[in-house]
Amino acid sequence: MTPTWPTVETNEAQITNAGEVLWRQITKSLYDEDNRRPGLLACGPQAADARKPSFTRSSVISAQDSRDWHQNHSASASLGTWSLSVGDVEDAGLRAVDDSKRPPEPGEPGKPPGHAYVDYRPLTKAEMKDARAKLLLAMLGRGEESTTDIGFHGDRAA
Amino acid sequence: MPDGGAEFARIRLSGDRFTGGRLPVDALDEIQRYQALVLAAARQAWSEEHPDEELPEGFDDSLKLVITKVENGSAQVLLERELDAPAEYDQTFDDAGAEVLRELEALLDANRPVSDAPLFQLKDFQAFGSSLDQGEMIQITSVDRSTQRRVEVSLSAEAVSEDIQERVREFASDRRRERRNALHLDQRAIAGRLIALDADRRSFRLQSLHFGDIDGRYDDVDLTAALKNVLDTSAKAPVVRLSADLQFRGTTPWRIKNVTDVEFLEIDGQPWSRKLIELASLGPDWDGEMPGAEMISFAALDAARDIVMHVVNAGRTRPAIFPTEEGGISLEWVSAGSIASLEINPDADHFEFHRLRQGDEVGSHAESSDIPGAFAFAEEVSQ
């Protein structure tokens, strides 16, 4: 069933190029260190992201620069960069939205260049579980992107 | 300590001047400095334990060390506290003696920053060993009463003239940064193995996953029973999570104070035990990584351990273990083209099952309110 999507906000734009790749930074709690792969929560959504887990666009920023930005500006270290294509997102019944031009709300942390989100908002809990499992299968199929860790210097670290 | 003359420390001075158990009067300087350092460490510890309070009357006099014996074999000096010293500060002075040795060890390790030895700001510390002549050595030995571990630190005249003086220079340049690293308290939870408990002094030692051993204290006498029960229940050092005030030195936890709650996690030394301890150690918001996330409940961790053990005993594949934002656990099995998850809620009385195969439009969803239902799902998906 096609969800009823909320209107894309001013300064936001749905990403329609199915071939474009989106980067996702994987932090410790999202990562299975024994098997060296992310878990379901890595594909979102999470309470803090308002059902809009964060990604960055490969058309704007490289996987390495995306990870570097995360290491310099986030609250926790990235253990690696994983990816999805916009087509993967659409196949899971979701949509990808570029919100990089939307100014941050008061208290909202800064966004990396090419910031985008995967929109889970209209999904029921069961749909959400199906969608994130589909995304994780796609993400695992693509494998980890090759990046180098510059070390964590996050300016929002607890 | 002391119950009438218990040994506080032993100082051995080696070199020609000390042969035959002779103790030159000059060497008494070092023993006086040692006493001054222990007292300074004790004063500091007491003030940190009792912010905004004056030191009690007679506190300083409680640490009058006496030389009870000078033994042969270089000059070996046995130090005790005075026989009538009040017992109420025993632990404080014991800790202070251990702190002096810990800091001295830190100073002699070129790989450790001088900030690991905050007592070094005292002239008595910077001058410690300065009366030694070339080829002489001072050795201090004491027993850490909480672990019964014998601690021994040796300092040569060469180390004093080279290493310690280098540290003095380092200290001068490091002082501003040291000030920034002032002690502060943070109320939070910390998990680890309980490795020592002194019920009389209401003190304990916790081996934390991320920060090493941390000493702690509690005020509520009722917690003694809870902590003893935990120790009696487990064959090896049990894993506990304490809700308490955590005192930091800079970014490093240094002391645990005012414990208000103790939770016990039965850990069985299995390959997945470290992961469970790691999850038990997560604070609220998972320490900044996941805003809004709850601490992981021990009920969910217990249930996760039982389910993992069940599938492993059945010869099946062990799942990956993840936290959930609600404070529960997600067990996940990934195989080629299939993902299954079993979510345990924080009270461990509700289990949600999900499975999706590659190409499925819709996954299968189920739930149970009892753990046998969770066992059955886990067995099915872990084949």
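Above: the structure in question.
Residues numbered from 1 in each chain as written. Chains lettered and ligands numbered in written order. Predicted model: local features only at pLDDT ≥ 70, side-chain atom pairs only at ≥ 80, totals over all residues.

(A) Representation of unusual backbone geometry. Residues and elements named next belong to chain A. With an omega dihedral of -5°, the bond running from glycine 44 to proline 45 counts as a cis peptide bond. Take proline 45: it is sitting in the loop between β4 (37-38) and β5 (54-57). Backbone geometry at asparagine 11 places phi at a positive 70°, although glycine is not the residue there. By the secondary structure assignment, asparagine 11 is in the segment before β1 (13-14). (Helix = DSSP H or I, 4+ residues; strand = E, 2+ residues; numbered from the N terminus.)

(B) Up close: the environment of valine 70 of chain B. Residue and element names in this part refer to chain B. Examined against the element boundaries, valine 70 turns out to sit in strand β2 (residues 65-71). Spatially, the C-alpha atoms of valine 70 and arginine 12 are 9.2 Å apart, while their sequence positions differ by 58 residues. Discounting chain neighbours no more than four positions away, the residues touching valine 70 are Gly21, Leu23, Ala75, Gln76 and Val77. (Contact = placed C-beta atoms within 7 Å.)

(C) Representation of the packing of helix α6 (residues 273-280) of chain B against helix α7 (residues 298-313) of chain B within the structure. Residue and element names in this part refer to chain B. Contact geometry of α6 with α7 gives a least axis separation of 10 Å together with a crossing angle of 170°. As far as their axial angle goes, α7 and α6 are roughly antiparallel. When you trace α6 past α7, the crossing you get is right-handed. Seen from α6, the contacting residues are Leu276, Leu279 and Ala280; seen from α7, they are Phe298, Leu301, Ala304 and Arg305. Residue classes in the contact of α6 with α7 are distributed as 6 nonpolar, no polar and 1 charged. (Axes fitted to C-alpha atoms, helices over the stretch in contact; angles between N-to-C directions. Parallel < 35°, antiparallel > 145°, perpendicular 65-115°, else oblique. Left-handed = near helix turned anticlockwise from the far one by under 90°. Nonpolar A, V, L, I, M, F, W, Y, C, P; charged D, E, K, R; others polar.)

(D) Up close: the environment of glutamine 187 of chain B. Structurally, glutamine 187 of chain B is set in strand β6 (residues 183-198). Distance from glutamine 187 of chain B to asparagine 258 of chain B, taken between C-alpha atoms, is 9.3 Å for residues 71 residues apart in sequence.

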